[in-house]
Amino acid sequence: MGRGKGVDPLQAGARAEIAGVNDEVAEKLGFEKVSEQFIGECKSKAVLFKHKKTSAEVMSVSNDDENKVFGIVFRTPPKDSTGIPHILEHSVLCGSRKYPLKEPFVELLKGSLHTFLNACTYPDRTCYPVASTNAKIQSLKVSNPLLSHSFPCTSDTSTEDFYNLVDVYLDAVFFPKCIEDFQTFQQEGWHYELNNPAEDITYKGVVFSEMKGVYSQPDNILGRTAQQALFPDNTYGVDSGGDPKVIPKLTFEEFKEFHRKYYHPSNARIWFYGDDDPSERLRILSEYLDMFDASTAPEESKVAPQKLFAEPVRIVEKYPVGEGGNLKKKHMVSHNWLLSDKPLDLQTELELKFLDHLLLGTPASPLRKALLESGLGDAIVGGGVEDELLQPQFGIGLKGVSEDNIQKVEELIMSTLQKLSEEGFEKDAVEASINTIEFSLRENNTGSFPRGLSLMLRSIDKWIYDMDPFEPLKYEKPLMALKVRIAEEGSKAVFSPLIEKFILNNPHRVTIEMQPDPEKASRDEAAKKEILEKVKASMTEEDLAELARATWELKVKQETPDPPEALRTVPSLSLHDIPKEPIRVPTEIGDINGVKVLQHDLFTNDVLYSEVVFDMSSLKQELLPLVPLFCQSLLEMGTKDLTFVQLNQLIGRKTGGISVYPFTSSVQGKEDPCSHIIVLGKSMAGCAEDLFNLMNCVLQEVQFTDQQQFKQFVSQSKARMEDELRGSGDEIVRARMNAKLNMAGWISEQMGGISYLEFLQSLEEKVDNDWDGISSSLEEIRKSILSRKGCLVNMTADRKTLTDTKKFVSKFLDLLPSNSPVERASWNARLPPNNEAVVIPTQVNYVGKAANLYDAGYQLDGSAYVISKHISNTWLWDRVRVSGGAYGGFCDFNTHSGVFSFLSYRDPNLLKTLDVYDATGDFLRELEMDDDTLTKAIIGTISEVDAYELPDAKGYSSLLQYLRGITEEERQRRREEILSTSLKDFKEFADVIDAVKDKGVRVAVASPDDVEAANKERSNFFQVKKAL
């Protein structure tokens, strides 16, 4: 494989340097080359192969990206809402022919250097992607002096972490144990649970719990209702994830048949990407594919297009809300269109993407702005243009609407679109959209998501429907054509016909109205109970005894560890393969005009990334909850000379975006937290001056005068927090526990937890009654934080860009006030350490318990990282998820604050889960661990510590380390402690973790029924707090 010179992993642009597969080699391995292209947009050679025997298609993308990606995708269209593709996606990862253990997936989580490891179910396909930067590794002996003996890695030849992952996934999808193992189907899908014949029967299952959580979120119910109504005649008219009311109708026979039919090479699309040997890819695949003959699956799995309606449809649905609340402004309404009766060409798709961005992409976009400024609702619903299915859709609406405003919202959507069709978009808005989308395409910043996976998902969107897999990867030609057309004909000639054809004159429109119903949850619960009572009544005593025995047998299986010989089948690395030193980011600390500046000289493809950090510690305590709204106001209010729309467009035209947000963290060993406001911006190197001028404009010139705009911010924030409470209850629980245990946690919860939601609820009235007071409070926040003193600048780019940018930074800093902020405010606050249950209308719970280990006398050792990850991947995975039926159970040790938290996600249990947490100390005391298992635990921890980062993330991580006072020496010491973790460390940590059992605070976001039952079982266990 030819490597490029220089620092850029993808810059080795010369096509000749990228190795390919010799045609003869491909033929010998059973493949024929269908097409080969060089994709300039991602500097890659892409070859489409077809496996001759099965017709399996393989995209082999070669370049110099070390973050290698593999994915296998099957077309899996369901015929009903039993969730069969989703349950199968979970189940195939529970053991296979070569890897006959309970969950090879978890072993890979524990002991590989993956950068991505997951699986996902779409409405018509199931994807199994993995990624790793680790390729060739020589098998060497382990060098941990605390292990009883050194041992060789899985094989004596060179092993490859990436190919290990690929092999486990290929074996899982083609030869899973689940198709012969009814208990896996029960565990991941659904089963009747009965611990004692005298008790009630319940439903359990991981996917069942997951989907109960999904169906507890109003936005999800709306989205699913819209999709199913738009596509009544094809596979999109049912829920591939599974409807909890329908999941228990799925039989094991149907489950097995679905795998036999669709999980076949003939129905597969396979993707490889990165700097590994393309011939080796085909060799690995041929071993599997050659075992199969061609099948009729591609014909049977074809997705039929939905024919367009002759006239619009209206649907009214009810969704559950809490009892006793104000139902007046709880309605939701959205218009949804199916845009075409067949897939669109890429040029039209790109034009629709631009139209979508123009309509909704920024707070200044006219359709978004018209809806939010109308005051008819609290927040936008509907995802705009969605084009990942066979036919594209467009949806938009509002939530937080009162019943008498429903029609007004519908009319406003149509009249705004009509007006935009007639008048077109402002020239600056079009220019800003073009720059924003083009910047995003060229930057190709996928965050922690591997770039190769992002490209795979883009390609699959067409390839899965038997279209060209190369075309979606190429944007230069359609982008240039669009820019030329706009320049020659004007934007109105491009976008107005699109609005007319696809939206205004399109009769395939579904209007969804969602009505709040405080009794729906209890009606649904009663209906479920009645079904289960009938099931129990139809059983004899022998049947009930048999069900109790089967329940017990399943639990025993779930809680019995795999034997060592089964665990050893999953290949893993040796400790010798792990670098002894942490990843170091080049950091130069200097100063400009007396302000500290951190510079990171990294290749960024001509993009400058910059963060300006301001100290927040002098802010008055009562102003803290206003900080998130202050940050939003800076970006969404106008100046003396610019309206907020003009300012927004200017940022879109000149930069890759600016954001402002608070950052708070404990600092290990210090009582006071670090608390800052960070202004983050990026631009092409040539626009650095514009970037800093606009940052200055946002910080100093924006006026806090727009009362109506601010009122919208409050409504949007309240709606967002309510969504988070229903969908990410574990994060709300974590924030609440931290607020009871340390000051940084308390500050964060004031700006993003239940306390913040309560603040927003009271602020809504205050905006009308005391706008002057609020406006002057926003100004006071600005005065408190905006100062050269305590300011810090962080920049990531190449050396030339960093040098050229200094003069613009200097000017920016000169314009900052140099006044010293008032001294540090005293924020010594915590929430009371009582047990709390936050009650919301939900079918699942989020359960937490936490304590501060430093307060209990613990001194940090790097082994704690290994131990807490191992607890998550074994004890909590087995007891809370596998046996308990929750979608997730994990623990987290915040080494900055000392807070150790246990958390569960979409959990059918409450007290049972807390009991599992309390037994963790005993689990550690009784733990037996061989050398292989310990090595895996260490390697899995290093995989997290060394998480793959793109250049901007490296610069940002380095900044956070600096703010938290973490030195390179400390990072090295922690790494050595991680690498030398022993079983003795696990045993000793048992006493430490008992602090959570003995002194921990408990918080749950849960259903009223489960909290009531818990308080009956353990008298007044929880203090109840109603949130919605």
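Everything numeric here is computed off the predicted structure, so don't read it as measured data.

## Some points on the nonpolar core
The nonpolar side chains of a soluble globular protein tend to be buried with one another.
And step 1. Leu629, Phe710 and Leu725 are the most contacted members of the largest nonpolar core, which has 88 residues in total.
And step 2. Take this core: its biggest share by element is 8 residues, from helix H23 (residues 688-701).
And step 3. Not counting residues up to four positions away in its chain, the partners in contact with leucine 629 are Phe710, Phe713, Val714, Ser717, Tyr756, Phe759, Leu760 and Leu763.
And step 4. Counting residues in each nonpolar core, the second largest holds 72 residues, with Leu29, Tyr99, Val106 and Trp190 among its members.

## Quick notes on the side chain of serine 683
And step 1. For serine 683, the location among the structural elements is in strand E22 (residues 674-684).
And step 2. Not counting residues within four places of it along the chain, the set of residues in contact with serine 683 comprises Phe439, Asp606, Val607, Leu608, Lys654, Thr655, Gly656, Ala688 and Leu691.

## Points about the sheet that holds strand E28 (residues 1001-1006)
And step 1. Read from one edge to the other, the open sheet built from 6 strands follows the order E26-E27-E25-E28-E24-E29, with strand pairing classed as mixed. Where the open sheet ends on each side, the last strands, each with one partner, are strand E26 (888-894) and strand E29 (1023-1026). Sheet twist, expressed as the average angle between the axes of neighbouring strands with direction ignored, equals 15°.
And step 2. With 4 bridges joining them, strand E24 (residues 836-839) and E28 adopt parallel strand pairing. When the bridges of E28 are listed, glutamate 836 appears paired with valine 1003.
And step 3. Contacts from helix H37 (residues 1008-1017) reach E24, E28 and E29 within the one sheet, and its direction differs from that of E24 by about 155°.

## As for the pattern of salt bridges
And step 1. For the structure on display, the rule yields 84 salt bridges.
And step 2. As a salt-bridge pair, arginine 485 and glutamate 351 come within 3.3 Å of each other at their nearest N and O atoms. Linking arginine 485 in helix H16 (residues 476-489) with glutamate 351 in helix H11 (residues 346-360), this pair joins segments that are 134 residues apart in sequence.
And step 3. One salt-bridge network, held together by shared partners, links Arg75, Arg269, Glu299, Lys302 and Asp466.

## Remarks on the pairing of strand E16 (residues 393-401)
And step 1. A large share of E16 lies buried, amounting to 9 of its 9 residues.
And step 2. When strand E14 (residues 331-338) meets E16, the two strands line up antiparallel, connected through 8 bridges. Residue pairing for E16: methionine 332 is matched across the bridge by lysine 399.
And step 3. As paired strands, strand E15 (residues 379-386) and E16 are joined by 6 bridges and run antiparallel to one another. Directly across from glutamate 386, in E16, lies its bridge partner glutamine 393.

## Comments concerning unusual backbone geometry
Negative phi is the rule for most residues except glycine; trans is the rule for most peptide bonds.
And step 1. Located in the positive-phi region is asparagine 593, a residue other than glycine, with phi close to 50°.
And step 2. In this structure, asparagine 593 sits in the loop between strand E18 (588-592) and strand E19 (595-601).
And step 3. By relative accessible area, which is 31% here, asparagine 593 ends up partly exposed.
And step 4. Positive phi, close to 70°, is recorded for aspartate 606, a residue that is not glycine.

Criteria and thresholds
Residues numbered from 1 in each chain as written. Predicted model: local features only at pLDDT ≥ 70, side-chain atom pairs only at ≥ 80, totals over all residues. Heavy atoms only, no water. Core = buried A, V, L, I, M, F, W, Y, C linked by side-chain atoms within 4.5 Å. Buried < 20%, exposed > 50% of the residue type's maximum accessible area, 1.4 Å probe, protein only. Helix = DSSP H or I, 4+ residues; strand = E, 2+ residues; numbered from the N terminus. Contact = heavy atoms within 4.5 Å. Pairing = 2+ DSSP bridges. Axes fitted to C-alpha atoms, helices over the stretch in contact; angles between N-to-C directions. Salt bridge = Lys/Arg side-chain N within 4 Å of Asp/Glu carboxyl O.

In short, geometric facts, not functional conclusions.
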